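As a plain string of letters, each chain reads:
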Amino acid sequence: MHTTDGRTTPRRRRRGIAALAAGAVAATALGTAAPAAAERGSYTDPADATASLNDLRRVTVAHNDGPLRLRVRVTDLRATSDGGPAGLSVWVDTDRSTRGPDLRLGTGLQSGTDYQLVRTTGWKPSSEVLTCPYSVRLRPVKDVVDLRISRPCLGGDTDEVRVAVLMDDRFDPSHPVRDWLGARRSSTPWLDRG
Ligand SMILES: [Ca+2]
Ligand SMILES: [Ca+2]
């Protein structure tokens, strides 16, 4: 199980973090030799979900030879909150030839909640939880969530990706707040691997 506070850290996750760290080092070394910047995009979303502390405001995506990195900024991320359950889903489209996104990384937005990566077909989960390296880090002080999906998860020959992001707040089950980045099920432009 993957949790955002590391209280339960199985061997698989430790290996994942090590692999991500190794990837980051490799990318840095490459960067000094050939300073090709990661292909990067930053996308804003309006304050249109003010009923939730986690109103989605900005998503930054960096796609290079290391892990795909996303930073999701919300209005007021809290480590613990009586605001009730809220979650974040990031769908990643890795293949133009398959309809819709191919991966989904989902996480809760309170410290210690689970996160998991699965394959998707037609926006729905189509696999068990994947064992390749990926991570979610909640940073309440900065009001951001940092997500990483390693190259083995994306597929080694994946040269372009696009992402869709949804915040889902169920504090009041009769009035769930859903905040997509942009329009419902819309994605960022395709980002070439930098
Ligand atoms: Ca918003
Ligand atoms: Ca696809």
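Summary of the structure given here. (Residues numbered from 1 in each chain as written. Chains lettered and ligands numbered in written order. Predicted model: local features only at pLDDT ≥ 70, side-chain atom pairs only at ≥ 80, totals over all residues. Heavy atoms only, no water.)

Re the coordination of the calcium ion (ligand 1)
Thinking step 1. Looking at the calcium ion (ligand 1), one finds its protein donor set to be Asp45 (OD), Pro46 (O), Asp48 (OD), Asp55 (OD), Leu56 (O) and Asp179 (OD), positioned 2.3 to 2.4 Å from the metal centre.
Thinking step 2. What the six donor atoms of the calcium ion (ligand 1) show is an angle range of 75 to 171 degrees at the metal, which sorts the shape as octahedral.
Thinking step 3. Spacing between the donor residues of the calcium ion (ligand 1) along their common chain follows D-P-x1-D-x6-D-L-x122-D. (Donors = N, O, S within 2.8 Å, 3.2 Å for Na, K, Ca; no water. Tetrahedral: all angles 85-135°; square planar, octahedral: opposite > 155°, others 65-115°.)

A word on the environment of Ser127
Thinking step 1. Within the secondary structure, Ser127 is located in the loop between strand E8 (124–125) and strand E9 (134–139).
Thinking step 2. According to the relative accessible area criterion, Ser127 is partly exposed, its value standing at 27%.
Thinking step 3. The spatial distance from the C-alpha of Ser127 to the C-alpha of Leu103 is 9.5 Å, given a sequence separation of 24 residues.
Thinking step 4. Polar contacts involving the side chain of Ser127 include one to the main-chain amide nitrogen of Arg119, which spans 2.9 Å. (Helix = DSSP H or I, 4+ residues; strand = E, 2+ residues; numbered from the N terminus. Buried < 20%, exposed > 50% of the residue type's maximum accessible area, 1.4 Å probe, protein only. Polar contact = N/O pair within 3.5 Å; in protein donor to acceptor, adjacent residues only side chain to side chain.)

What to know about the coordination of the calcium ion (ligand 2)
Tetrahedral coordination by four donors puts the ideal angle at the metal at 109.5 degrees, and octahedral coordination by six puts it at 90 or 180 degrees.
Thinking step 1. For the calcium ion (ligand 2), the protein coordination sphere consists of Asp93 (OD), Asp95 (O), Thr98 (O), Thr98 (OG1), Gly100 (O) and Asp102 (OD), at 2.3 to 2.7 Å.
Thinking step 2. Its six donor atoms give the calcium ion (ligand 2) angles of 70 to 163 degrees at the centre, a pattern that matches the irregular case.
Thinking step 3. Mapping the donors of the calcium ion (ligand 2) onto the primary sequence gives the spacing D-x1-D-x2-T-x1-G-x1-D.

A word on the pattern of salt bridges
Thinking step 1. Counted according to the given criterion, the structure contains nine salt bridges.
Thinking step 2. Across the pair Asp65 and Arg193 runs a salt bridge whose closest N-O atoms are separated by 3.5 Å. Here Arg193 lies in the segment after strand E13 (191–192) and Asp65 lies in the loop between strand E3 (56–63) and strand E4 (68–74), a separation of 128 residues in the sequence.
Thinking step 3. A residue is classified by how much of its surface remains accessible, and Arg193, at 23% relative accessible area, is partly exposed.
Thinking step 4. For the salt bridge of Arg78 with Asp76, the shortest nitrogen-to-oxygen distance reads 2.8 Å.
Thinking step 5. Accessibility expressed as a relative area gives 38% for Arg78, which makes it partly exposed.
Thinking step 6. Take Asp76: its relative accessible area is 24%, and that puts it in the partly exposed class.
Thinking step 7. Three or more residues joined by partner-sharing salt bridges are found here, namely Asp65, Asp159 and Arg193. (Salt bridge = Lys/Arg side-chain N within 4 Å of Asp/Glu carboxyl O.)

Concerning the sheet that holds E3
Thinking step 1. With antiparallel pairing, the five strands of this open sheet are ordered in space as E2-E3-E4-E10-E9. The sheet is open, and its two edges are formed by strand E2 (39–44) and E9, each paired on a single side. With direction set aside, neighbouring strand axes in the sheet form an average angle of 10 degrees.
Thinking step 2. Examined bridge by bridge, E9 and strand E10 (residues 144–149) share six bridges and lie antiparallel to one another. Note on E10: the bridge partner recorded for Leu138 is Val145. (Pairing = 2+ DSSP bridges. Axes fitted to C-alpha atoms, helices over the stretch in contact; angles between N-to-C directions.)

Regarding the environment of Ala86
Thinking step 1. Relative to the assigned elements, Ala86 resides in strand E5 (residues 86–93).
Thinking step 2. The exposure class of Ala86 is buried, given its relative accessible area of 13%.
Thinking step 3. Residues Ala86 and Ser52, 34 residues apart in the sequence, show an inter-C-alpha distance of 8.7 Å.

Quick notes on the state of the cysteines
Thinking step 1. Across all of its chains, the model carries one disulfide by this definition.
Thinking step 2. The disulfide partner of Cys132 is Cys153, and the gap between their sulfur atoms is 2.2 Å. Residues Cys132 and Cys153 are joined through a disulfide that is right-handed, its torsion about the S-S bond being 120 degrees. Note that Cys132 is positioned in the loop between E8 and E9 and Cys153 in helix H2 (residues 151–154), a separation of 21 residues in sequence. (Disulfide = S-S within 2.5 Å.)

Some points on the nonpolar core
Thinking step 1. One finds Leu68, Leu88, Val92, Leu117, Val145 and Leu147 to be the most contacted residues of the largest nonpolar core, which totals 36 residues.
Thinking step 2. If we skip the residues at most four places from it in the chain, Leu117 touches Leu103, Arg104, Leu105, Glu128, Val129, Leu130, Cys132, Tyr134, Ile149 and Cys153.
Thinking step 3. Counting residues in hydrophobic clusters, the runner-up holds five residues, among them Trp91, Trp123, Leu166 and Trp180. (Core = buried A, V, L, I, M, F, W, Y, C linked by side-chain atoms within 4.5 Å. Contact = heavy atoms within 4.5 Å.)

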